[in-house]
Amino acid sequence: MAADLGKLNKTLSEQPFIGGFEVGTEDVKTFETIKAAPDAKKFAHVARWYRNIASYSANERAAWSGGAAATSGEGKGDDFDLFGSDDEDDEEKKKVVEERLKAYAEKKAKKPGPIAKSSVILDVKPWDDETNMKEMEDLVRSIEMDGLVWGGGKLIAIGYGISKLQIICVIEDDKVSVDDLIERITTDFESHVQSVDIAAFNKI
């Protein structure tokens, strides 16, 4: 399982979902498989992916796989246990599950629509070949917004010894504006960043 998780972590460092940039059946199958894997939380990209998939309801996940996903309990009460504290006792776990089930029941009673999300790939270009790219990536990732999850990133050579940072993020459309995010990157980090372009934008 550790080897499989390592391979999965590498895959998710380069894309938001197992099949690429759109969620699908493979995400649901893998999500159900690793729920009880104690080592999963040690892999940063797997943990990020897990939290993202778990943010959807069981019914939404079932729809991705044509209804094959388990929907017991009509909610997500046990989805986050994998990333909880290792020393929680049974009583505490029971309390947490009950609270989550209650919160989910209240949310369901309001009948909200599905959460609209998008997968975005940004090309972040530095000023020149002397720009510290590690610092630039750290600065970009330091931006925290409700509804924003950073994914994998890589450097791509663009000529004359200069590379650009290509980085993935998943956003909730109602909470995060891509234009605002780009403006924040270029304004707050103008000492490192020359420009930011959208390389790909896909609704999830």
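Cut-offs used in this document
Residues numbered from 1 in each chain as written. Predicted model: local features only at pLDDT ≥ 70, side-chain atom pairs only at ≥ 80, totals over all residues. Heavy atoms only, no water. UniProt positions renumbered as here; feature names shortened; annotations may be inferred. Pairing = 2+ DSSP bridges. Helix = DSSP H or I, 4+ residues; strand = E, 2+ residues; numbered from the N terminus. Axes fitted to C-alpha atoms, helices over the stretch in contact; angles between N-to-C directions. Contact = heavy atoms within 4.5 Å. Core = buried A, V, L, I, M, F, W, Y, C linked by side-chain atoms within 4.5 Å. Buried < 20%, exposed > 50% of the residue type's maximum accessible area, 1.4 Å probe, protein only. Salt bridge = Lys/Arg side-chain N within 4 Å of Asp/Glu carboxyl O.

What UniProt records for the protein chain under Sequence similarities (unreviewed entry) is the sentence "Belongs to the EF-1-beta/EF-1-delta family."

Novice: Describe the sheet that holds strand 4 (residues 193–203), listing the residues and the values that go with them.
Specialist: The strands making up a sheet associate through backbone hydrogen bonding, with each pair oriented either parallel or antiparallel. Reading across the sheet, the 4 strands line up as 2-3-1-4 and stay open at both edges, with antiparallel pairing between neighbours. Each of the sheet's edge strands pairs with one partner strand only, and the pair in question is strand 2 (148–159) and strand 4. On average, each strand axis in the sheet is tilted by 20 degrees relative to the strand beside it, whichever way the strands run. Packed on one face of the sheet, helix 3 (residues 44–54) meets strand 1 (117–126), strand 2 and strand 3 (162–172) and runs near 130 degrees to strand 2. Strands in contact with helix 7 (residues 178–188) are strand 1, strand 2, strand 3 and strand 4; relative to strand 4, the strand with the most contacts, it is inclined by about 160 degrees.

Novice: Which residues make up the nonpolar core, and what values go with them?
Specialist: Ranked by internal contacts, the top residues of the largest apolar core, which has 21 residues, are Leu122, Val124, Leu148, Trp150, Leu181 and Ile185. Within the residue set of this core, elements represented by two or more residues are strand 1, helix 6 (133–141), strand 2, strand 3, helix 7 and strand 4. Excluding its chain neighbours within four sequence positions, the residues that come into contact with Leu181 are Leu122, Ile143, Met145, Leu148, Trp150 and Cys169.

Novice: Go over unusual backbone geometry, please, and point to the residues and values.
Specialist: A positive phi angle is found at Tyr160, which is not glycine, with a value near 55 degrees. Relative to the assigned elements, Tyr160 resides in the loop between strand 2 and strand 3. Since its relative accessible area comes to 82%, Tyr160 is described here as exposed.

Novice: An account of the pattern of salt bridges is needed here, citing residue identities and associated values.
Specialist: Tallying each qualifying case throughout the model produces 9 salt bridges. Between Lys134 and Asp138 there is a salt bridge, with its nearest N and O atoms 2.8 Å apart. Remark: Asp138 and Lys134 occur in helix 6; sequence separation between them is 4 residues, near one turn of the helix. Owing to a relative accessible area of 39%, Asp138 belongs among the partly exposed residues under this scheme. The partner of Asp146 in a salt bridge is Lys175, and the shortest N-O contact between them spans 3.4 Å. With Asp146 in the loop between helix 6 and strand 2 and Lys175 in the loop between strand 3 and helix 7, this pair connects stretches of sequence that are 29 residues apart. Residue Lys175 is classed as partly exposed on the basis of its relative accessible area, which comes to 45%. Among the charged side chains, a network of salt bridges with common partners joins Asp146, Glu172 and Lys175.

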